[in-house]
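Spelled out from the first residue to the last, the chains are:
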Amino acid sequence: MKNVIKIFSPNQKAYDSWAPAILRIVVGFGFFAHGIAKMIKGPEGFAKLLSQIKVPAPEVLAWMAITVEVLGGLALILGILVSIVSIPLIITMLTALFTIHYKFGYSSVKTISLDENGPKFGPPGYEINLLYIATLLILIEFGAGKLSVDSLTVKRNGAREEPLQPDIQDCN
């Protein structure tokens, strides 16, 4: 129970740090860019890919994934409700990892040939998925860092140095 409360009880120290801010903005931009790319290419194309790997309701899930990536990426960039927004983003990364990337192994960079134009790469493995998931878990644990709406909210509402502890007597 203590860890669940900690997720929603920001610590002021964590919001005064640049490290989570940098992670949040970089990963947020990654999600946002991938979602926008899927949207520009057309959700039908992503739905077709989902259909080929036998995902049920591919049209609905394509739109869901695009929405989560675009809105979740934007929320991360701005630092809005980062702990909450990270959960559906982790779910999308786990889904991609186990439905698409797992069969290609760990490495996200596979040089398969080289010609006068440079290297040609094969399909990416699940390395990037794990990096995104790890970053999101760090953000859940430590908060959004500087330059975030979450940090402004914490400062305005007065942050606690330690997370709330449940009062055992209140449970009786």
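The rules behind these values
- Residues numbered from 1 in each chain as written.
- Predicted model: local features only at pLDDT ≥ 70, side-chain atom pairs only at ≥ 80, totals over all residues.
- Heavy atoms only, no water.
- Buried < 20%, exposed > 50% of the residue type's maximum accessible area, 1.4 Å probe, protein only.
- Helix = DSSP H or I, 4+ residues; strand = E, 2+ residues; numbered from the N terminus.
- Arc of directions from axis to C-beta.
- UniProt positions renumbered as here; feature names shortened; annotations may be inferred.
- Core = buried A, V, L, I, M, F, W, Y, C linked by side-chain atoms within 4.5 Å.
- Contact = heavy atoms within 4.5 Å.

Draft legend 1. Quick peek at helix α8 (residues 149–157). Listed as buried for α8 are D150, S151 and V154. All buried residues of α8 fall inside an arc of 100° around its axis, so they share one side. Among the exposed residues of α8, those oriented more than 90 degrees off its buried face are L152 and R156.

Draft legend 2. Here's a closer look at the UniProt feature "transmembrane region" (unreviewed entry) in the chain. The feature "transmembrane region" (unreviewed entry), as given by UniProt, occupies residues 21–40, 60–82, 89–109 and 129–149 in the numbering adopted here. Note that residues 21–40 is 100% helix and 0% strand, and that its end C-alpha atoms are spaced 28 Å apart. In the segment residues 129–149, helix accounts for 71% and strand for 0%; the C-alpha atoms at its two ends are 26 Å apart.

Draft legend 3. The nonpolar core, seen in detail. With 15 residues, the main nonpolar core has V27, F31, L76, L89 and L136 as its most contacted residues. Those elements that place two or more of their residues in this core are α3 (19–41), α5 (58–78), α6 (82–101) and α7 (127–142). Residues within four places of V27 in sequence aside, it is in contact with L76, Y132, T135 and L136. Counting residues in each nonpolar core, the second largest holds six residues, with L50, V55, A62 and A65 among its members.

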